[in-house]
Every structure is written in C-alpha cells, then in structure tokens.
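Coordinate analysis (summary)
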Amino acid sequence: MISAFTGTQIRAAEQPLLDAGEGAVLMQRAAHGLANAVVNELRSEGRRLYGSSVTVLAGKGNNGGDGLFAAAILARRGMRTTAVLTAGSAHPGALGAFGAAGGRIHVLDENNAEELAVLIAGDDVVIDAILGTGARGGLGGPAAELIVALQELKPKVVVACDVPSGVDADTGEVHWPVLTARLTVAFGAVKAGLMADPGEGCAGRVLPVPIGMEDSLPLPALRRLSVRDVAAVLPNPGRRVHKYTRGVLGIVAGSERYTGAAALSVEAASVAGAGMVRYLGPETVARQVLERTPEAIWEPGEPGRVQAWLLGPGLNGTEQLQRARDVLAAASAAGQPAVVDAGALELLPERCPPHWILTPHAGELAALLGRGEVCVTREDVESRTLHFVRLAAEHTGAVVLLKGATTLIASPSGAVFSQSEGCPWMSTAGSGDVLGGILGALAATYAESGMDDDGPFAAQGIEPAERWAAAAAVGASIHGMAGSAASAGGPLTASDIVRAVPGVYRALMEHRTR
Ligand SMILES: NC(=O)C1=CN([C@@H]2O[C@H](COP(=O)(O)OP(=O)(O)OC[C@H]3O[C@@H](n4cnc5c(N)ncnc54)[C@H](O)[C@@H]3O)[C@@H](O)[C@H]2O)[C@@H](O)CC1
Ligand SMILES: [K+]
C-alpha cells in the first residue's frame, strides 16, 4: 500500500526535528536522494554522468535549497551544472555549496525569461526546485514566463524536487503554469497532491525518498492499493462454495435506447467473479444481454434472491427508472450493497447507506453535489478532485468513486483511496459500464463474505468503516489493469476490457501464491 500525506502533515512531522536543529541534516538527505534519482534517470537511458548537463531552477526557500545542494553533488560527480535563481535570492548555504562545486549561476529577471529557457531546454536534465510544500498559490511574473517558454521547448528530462512547482501538495490542485515532470522525488513520503488529479498528471513517476521523519507521520490522507494488496483481498472461492454463496448480483441497466450498456455490464459482472447475474429490464434488451451472456438470468417479474445490486448504466425511460427506484428502496430496506451509476444517481435518497458505492464522473459528481445545494461545475470538480470527492461522500453518506485518469474513492468515514492503473485509451464508450459490472460482482461477493473481522480486508489492516471504499478501489484497480492489458499502448473497445478481466484475475491469483 502506498500512503500519501498532505504537505501540511509532512511539515508537522518534520517540525520536532527542525526544533532539534536537524534541518540541515534533513536537507542533505533530501539533496542526496534527489541527486541519486537524477543519476539513475540518466543511467536508465544509457547516458554517462560525466559531461552531461543539468540545470536547477531554484526558488528562494528550502525547496530551492534541496535543488542547489543536489546540483552541487552532481557537479562534483562531473556534470555541467547551471542554476537559475527564480526569486533573486536563494538558500545561502546551498548557493555557497553550488558555487564552490563550480556551478554557473543566472538570475532570472523581467527581461531574460525566454533567453534562459532557450539556454536550459537543451540540457540533459532540468530540476524544478522553485516551490515545494511552502508554496502559496502558483508561479507568477518572470518565473511563470520561464516555465511557459520552457514547456513549449520540451526539455528532455524534468525532475521535480518534492512536488512540481505550482501543484498544491495537500490537494493536487494545479496553479498553472507547471512544468510537467518525468519524475518527482518526494521527500519523507508521497504528497497527497501527487496522487490526485490534476496534480498527478504533472508529476510523472513518483519516487519517495526517506529523510528520517517517517516514524512521526500521522494517518495517511490518501492510500493506493498495490498489486500485492489487490491480490491479497481478491475473493478466492473455497472448495465448498456454490453459485449462491459466491455472490448473486442483480443488475438494472440498459434501455431500448442503450442496450449495449446492459450487455456490457452483465458480461463484465459475469467474468469478474459473480456466482450469478440476474438481469432486470425490458425483454428486447434482455434478448441482447442473453445473446452475449447466456449464463445470466432474465427476471421479468419479481427477481430471485440477490446479495448486491448494480443500477444505472444506460438507464432510460420511465419503466426502467421506476424499476431502479423500486430496487433502491428494497436494497435500502434489506441493507444490501448497491453500486449506483449514471442514470440511477438521480434517484438516490438524500442520505445513502455507507455500503453503497456511487460511481459518478466529474459532471455527475457536480450534479450530485448540486442536489445538496453545493453549486459547482464539472470544471470545478476536475480542478479539485480530492476536495469534491470527499465532500460528496460526506454529503451522501455513501462511498463515492470519482472516475478519471486517477480514480479517487472516498469513504464517508473520511478515508480516501486513489488508483491509477488505467490508460487514456480507456476513455471510450462503455468503459464505465464495464467498471460498474466489475464493482457489482465484487460487491455481491464481498457482501456474502469479506467485510467481517476475519475477512481479507481486516487481514490487511483496513478498518471496518473503510472496507467498502477499499472494495471499490479493488474494482477500480482491476478495471485499470484490464484496460491497460487490453490496450498494450493502442486503442481498445469496452468489450476488449471485459475480455481482459479474467487474465487480470489469473495474474493476481498467481501473485497471491508467490
Ligand atoms: N521543512 C524542512 O525541514 C525540510 C524541507 N524540505 C524542502 O523544503 C520545502 C519546503 O520549503 P519552504 O518552507 O522553504 O518553502 P518552499 O521552498 O516551498 O518555497 C516557498 C518559498 O517561496 C515563497 N513563496 C510561496 N509561494 C510562492 C509563490 N506562489 N510564488 C513565489 N514565491 C512563493 C515563500 O515565501 C517561501 O520563501 C519542501 O518542499 C522540501 O523540498 C527538505 O529540505 C527536507 C526538510
Ligand atoms: K518543486
């Protein structure tokens, strides 16, 4: 599990060490971690260190100090080093060390941003050490001009020091312009802002470097399940199970207009481990569903027993909407878990049970919040994903899974998971219906066995109030892995994602036996 902390939490954990006069030691550890990361990045490209060039963009705070000390280390190891001081002044000790190691220094001013950008862009590495966790807002003035010009010139390798300057370490909000990094070296721990959009999109790979305050960190603000975690909690049928104990999922999806959504979600649920899938919808849709998944059962009347529900993909028309309304009321009364997507989000009661999983995209999340009289647009949600997903979980009382390049899952208890296994090719029609099917299958399976104190989530140390959010994170992770496997770098259809799901399960099961 990767744990991420807000910049504020990390600064608080550092404070006792700073008070004890350990600040310089922390900075040296950070600088060595950063310098080593630059060396490894160059070596991974088969580049020699000696004679390669690096420029550090250094702000006036400790982030700039880390960058300058790291550049001094690199200069001593034979790199040609340049520093651009973006605020006129810089950390005195670090600047002294950089000068003593033979680095060249330029001071950014009103008139030289473009000229410096051209000078720097050809370097082998650019280190962005302008702003770190002490930033308020983003870059302005000549520093912003420099970043805009540099971004256009596409520098070869950008390594961000702690966070890309302009990304809010607490929230992942981005104050443009930001230089997109290939690698972010995060000191002490990964910052929450590097695991939430849009911040994650600027950070590249994130490498945490311990600097000695890690034991003082509080509970994480965000967590990401690793492949190993997902493998460990994946439902694994024992010898004595049968289809009913494996978990039966009821699905209310599709309509005359959107038949594909029903077909995809039913098929995805069937391949994602549900013992049985019962489909509720019009006969014409059911025919297509069964053609694709003959294992599913069409329920024209009162459905047989189910353990969990999926409602919403492709839902349209009064008949299907009424069915979904009835099912929601029955699920609520029976205490059954439900995955609520797309059209069914509009049917939710004001407060939902904590084991319901809502799966909006940014626009649907804005609408959901609007019902609680929080007036926000899709763009607002996209620019502050972590904030709004938390708020939606708080307002609805349910687990809220916000779809995106990074999927955030907020529990009403306050815990947040972040998964990012997918790829941009997955933003294709029907992809969300497949996610719904996978989540539904997991909900049905975990409802039967999985949430107890002797279940797999408890064994991973996941608290009872966070387990349904963790289950949704498992679903997001499997969906992302299946999409990336199906894509292999190229375009794909939602059906390709479905076909890749069993392979992902097999690989995870193998992982478990290793
Ligand atoms: N606190 C510590 O002891 C340690 C901090 N470390 C580094 O120090 C960083 C935090 O350092 P600081 O607290 O000095 O803050 P930063 O280095 O993040 O920089 C903020 C500095 O720029 C100014 N500033 C804030 N917002 C600005 C904006 N939008 N535009 C221009 N200037 C702005 C501030 O007045 C401050 O002087 C961390 O990210 C990390 O890189 C590491 O060296 C490890 C130890
Ligand atoms: K930075």
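None of these values were measured; they are calculated from a predicted model. (Residues numbered from 1 in each chain as written. Chains lettered and ligands numbered in written order. Predicted model: local features only at pLDDT ≥ 70, side-chain atom pairs only at ≥ 80, totals over all residues. Heavy atoms only, no water.)

Some remarks on the coordination of the potassium ion (ligand 2)
Rules: Metal sites are built from N, O and S donor atoms within 2.8 Å, or 3.2 Å for Na, K and Ca, and they leave out water, so they may look incomplete. Under the classification used here, a metal with four donors is tetrahedral if each angle lies between 85 and 135 degrees, square planar if opposite donors are over 155 degrees apart and the others between 65 and 115, a six-donor metal meeting that same test is octahedral, and anything else is irregular. Put simply, DSSP marks the helices as runs of H or I at least four residues long and the strands as runs of E at least two long, and each gets a number from the N terminus on.
For the potassium ion (ligand 2), the full set of protein donor atoms is N63 (OD1), D128 (O), L131 (O), C161 (O), V163 (O) and S165 (OG), and the range of their distances to it is 2.5 to 3.1 Å. One can describe the site at the potassium ion (ligand 2) as irregular: its six donor atoms subtend angles covering 71 to 176° at the metal. Along the chain, the residues donating to the potassium ion (ligand 2) are arranged with the sequence spacing N-x64-D-x2-L-x29-C-x1-V-x1-S. Taken as a pair, D128 in strand β5 (residues 125-129) and S165 in the loop between β6 (158-161) and β7 (183-187) lie far apart in primary sequence, 37 residues in all.

Side note on the sheet that holds strand β2 (residues 53-58)
What counts here: Paired strands, in this sense, are two strands between which DSSP finds at least two bridges. Only the contacting stretch of a helix is used when fitting its axis, a line to C-alpha atoms as for every element, and angles between N-to-C directions run 0 to 180 degrees. Note on contacts: a residue pair qualifies if any of its non-hydrogen atoms lie within 4.5 Å across the two residues.
Pairing in this open sheet of seven strands is parallel, and the strands run β4-β3-β2-β5-β6-β7-β9 from one edge to the other. Two strands lie at the open edges of the sheet, namely β4 (104-107) and β9 (205-209), each paired on one side alone. When strand polarity is set aside, the average angle formed by the axes of neighbouring strands in this sheet is 20°. Relative to β6, β5 runs parallel, the two sharing three bridges. Each residue of the ladder has a partner; that of D128, found in β6, is A160. Docked against the sheet, helix α5 (residues 113-121) engages β2, β3 (80-85), β4 and β5, running at close to 150° with respect to β4.

Examining the nonpolar core
What counts, and what does not: By convention a nonpolar core is built from buried Ala, Val, Leu, Ile, Met, Phe, Trp, Tyr and Cys residues, the set being connected through side-chain atoms within 4.5 Å. Burial status follows relative accessibility: with a 1.4 Å probe on protein chains alone, a residue under 20% of its type maximum counts as buried, one over 50% as exposed, and anything between as partly exposed.
I251, I409, Y446, F457, V474 and I478 are the most contacted members of the largest nonpolar core, which totals 63 residues. Considering every element that reaches this core, the biggest residue donor is helix α18 (residues 467-487), with eleven residues. If we ignore the near neighbours within four places in the chain, the residues touching F457 are V233, Y446, G450, M451, I462, R467, A470, A471 and V474.

Thoughts on the pattern of salt bridges
Pairing of side chains with opposite charge becomes possible as their charged atoms draw close. Stated precisely, the cut-off is as follows: Basic side-chain nitrogens of Lys or Arg form a salt bridge, by our definition, when they fall within 4 Å of a carboxyl oxygen of Asp or Glu.
One pass over the structure, following the stated rule, counts 17 salt bridges. Where E41 meets R182, a salt bridge forms, and the shortest distance between an N and an O atom there is 3.4 Å. Of the two residues, E41 sits in helix α2 (residues 23-44) while R182 sits in the loop between β6 and β7, which places them 141 residues apart along the sequence. We note a salt bridge from R292 to E267, for which the minimum N-O separation is 2.7 Å. On the criterion of sequence distance, the pair formed by R292 in helix α11 (residues 283-292) and E267 in helix α10 (residues 259-271) is long-range, its members being 25 residues apart. Overall, R292 belongs to the partly exposed group, its relative accessible area being 35%.

Describing the UniProt feature "domain: YjeF N-terminal" (unreviewed entry) in the protein chain
Defined as follows: UniProt positions are given in the numbering used here, feature names are shortened, and annotations may be inferred rather than shown by experiment.
This chain's UniProt record puts "domain: YjeF N-terminal" (unreviewed entry) on residues 10-219. Helix makes up 39% of residues 10-219 and strand makes up 18%, while its end C-alpha atoms are separated by 11 Å.

Concerning the domain arrangement of the protein chain
Quick reminder of the rule: Boundaries of every domain are those given by an automatic assignment or by a domain database. Here the quantity called buried area is the accessible surface, traced with a 1.4 Å probe, that two parts lose on coming together, added over both.
Partitioning the protein chain into domains gives domain 1 (2-221) and domain 2 (228-513). Between domain 1 and domain 2, the C-alpha centre-to-centre distance is 39 Å. Each partner contributes to the interface: domain 1 provides ten residues, whereas domain 2 provides twelve residues. Three residues, E173, D197 and A221, lead the burial of domain 1 against domain 2; their summed loss comes to 50% of the area buried on that side. The interface formed by domain 1 and domain 2 contains one salt bridge. Put simply, E173 and R384 hold a salt bridge, and the shortest N to O gap is 3.3 Å.

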